[in-house]
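Geometric and topological summary
Read off the chains here:
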Amino acid sequence: MGVVSVVVTALWAMLPAYVPNNAAVLAGGGRPIDGGRTWGDRRVLGDGKTWRGTAVGTLAGVAVALALDAVSESTSTLLDVAVPAFSLPAAFGLALGAMCGDIGASFLKRRSGRERGAPFPVLDQLDFVVGAVALATLLDFEWVRSTFGPAELGVLLVATPLLHVLTNGVAYLVGVKDEPW
Ligand code: CTP
Ligand code: MG
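Below or above, wherever it landed, is the structure these notes cover. Keep in mind that what you see is a predicted model, and the values were worked out from it rather than measured.

A few words now on the site of ligand 1. Close to ligand 1 lie 17 residues, the nearest being Lys49, Thr50, Ser106, Arg116 and Gly117. Contact distances for ligand 1 include 3.4 Å between an oxygen atom and a side-chain N or O atom of Asp102. Within the side chain of Ser106, an N or O atom sits 2.6 Å from an oxygen atom of ligand 1. In the complex, the protein chains occlude 90% of the 560 Å² of accessible area that ligand 1 would expose alone. When atoms are counted within 2 Å of each cavity's grid points, the one that captures over half of ligand 1 is the largest pocket. When contributions to the shell around ligand 1 are tallied by element, the ones reaching two or more residues are helix H1 (3-27), helix H2 (51-79) and helix H3 (88-111). Here the element with the most residues in the shell around ligand 1 is H3; it accounts for 4 residues. Its residues assigned to classes, the shell around ligand 1 shows 2 nonpolar, 8 polar and 7 charged.

Counting residues in each nonpolar core, the largest one holds 29 residues, and the members touching the most others are Met14, Phe86, Leu94, Val129, Trp143, Phe148 and Leu156. Put simply, the parts of the chain that give this core at least two residues each are H1, H2, H3, helix H4 (123-139), helix H5 (141-147) and helix H6 (150-173). Here the element with the most residues in this core is H1; it accounts for 7 residues. When residues no more than four places from it in sequence are discounted, the contact partners of Trp143 are Ala13, Ala85, Phe86, Ser87, Ala90, Leu94 and Phe148.

On the surface, Leu26, Val170, Tyr172, Leu173, Val174 and Val176 cluster together to form a nonpolar patch covering roughly 620 Å² of accessible area. Sort the elements by how many residues they give to the nonpolar patch and H6 lands first, with 3 residues. In this fold, Val174 is placed in the segment after H6.

This next bit is on the packing of H1 against H3. Between H1 and H3, the least distance of the axes is 8 Å, while the angle of their chain directions is 50 degrees. Regarding the angle of H1 to H3, the classification is oblique. Remark: the crossing between H1 and H3 carries right-handed chirality. In this structure, H1 uses Ala13, Met14, Pro16, Ala17, Pro20, Asn21 and Ala24 to contact H3, whose residues at the interface are Leu94, Ala95, Ala98, Met99 and Asp102.

A few words now on the environment of Ser112. In this fold, Ser112 is placed in the loop between H3 and H4. On a C-alpha basis, the gap between Ser112 and Thr137 in space is 29 Å, while along the polypeptide they are 25 residues apart. A distance of 3.1 Å separates the side chain of Ser112 from the backbone oxygen of Lys109, its partner in a polar contact. A distance of 2.7 Å separates the side chain of Ser112 from the side chain of Arg114, its partner in a polar contact.

What follows covers the side chain of Thr147. When you line up the elements, Thr147 lands in helix H5. For Thr147, a relative accessible area of 7% puts it in the buried group. A distance of 2.6 Å separates a polar atom in the side chain of Thr147 from the backbone oxygen of Trp143.

The principal kink in H2, of about 50 degrees, is found at Ser72. Asp80 occupies a position one or two residues after H2 and carries a positive phi of about 60 degrees.

Reading the values: the criteria
- Residues numbered from 1 in each chain as written.
- Chains lettered and ligands numbered in written order.
- Predicted model: local features only at pLDDT ≥ 70, side-chain atom pairs only at ≥ 80, totals over all residues.
- Heavy atoms only, no water.
- Near = heavy atom within 4 Å.
- Polar contact = N/O pair within 3.5 Å; in protein donor to acceptor, adjacent residues only side chain to side chain.
- Areas by Shrake-Rupley, 256 points an atom, 1.4 Å probe, with all protein chains shown as cover.
- 1 Å grid on protein atoms, 1.4 Å probe; cavity = no way out; pocket = protein on both sides within 12 Å on 5 of 7 lines; lining within 4 Å.
- Sits in = over half its atoms within 2 Å of the grid points.
- Helix = DSSP H or I, 4+ residues; strand = E, 2+ residues; numbered from the N terminus.
- Nonpolar A, V, L, I, M, F, W, Y, C, P; charged D, E, K, R; others polar.
- Core = buried A, V, L, I, M, F, W, Y, C linked by side-chain atoms within 4.5 Å.
- Buried < 20%, exposed > 50% of the residue type's maximum accessible area, 1.4 Å probe, protein only.
- Contact = heavy atoms within 4.5 Å.
- Patch = residues over 30% accessible without salt bridge, like charges linked within 9 Å, V, L, I, M, F, W, Y side chains within 5 Å.
- Salt bridge = Lys/Arg side-chain N within 4 Å of Asp/Glu carboxyl O.
- Axes fitted to C-alpha atoms, helices over the stretch in contact; angles between N-to-C directions.
- Parallel < 35°, antiparallel > 145°, perpendicular 65-115°, else oblique.
- Left-handed = near helix turned anticlockwise from the far one by under 90°.
- Bend = angle between axes of the 7 residues up to and from the residue.

Shown next, in the form of structure tokens:
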């Protein structure tokens, strides 16, 4: 297994977890998940976590997995890398897990006194990876075990923050996101 193979496998497998947050930014709005409730003098989650954003983000992640599955064989042949195929539970787990990781991060941000939109370095960049891998593991352990070895996980920890900073920076510059994180 070469370096290229590890990097391609890791990024391919995580695409259904990368897309949901960006889809949620585009789809956000409507009723907040916490229904406006507070814990102490702070919101439980805040207006930045909505049912619509979460639902659309999750569906977008699953759609990405189905689209990748449709081209996985031709891609494997083309790149000479055996890219993984997604099971439906794995795809759903990655997508919803990514959203849940992000929601959990907002919960921690509010508890630590950070207002909506405030940056929380490292947590902002990795919350959704942790959530995605965790829920995918619960729903399809075998898929996660056979897809993510130590090398792939290492690539994710390094490449994800870079991709996150890049995509959010672009979303900010084109005006769809209020802050570049
Ligand atoms: N969004 C949403 N539902 C989610 C996640 C995101 O509707 N589950 C939308 C919201 O419109 C949100 C935007 O995507 O404002 C950007 O997401 P994010 O940066 O995660 O939220 P913030 O508004 O920055 O709030 P927080 O400080 O809680 O992260
Ligand atoms: Mg934010």
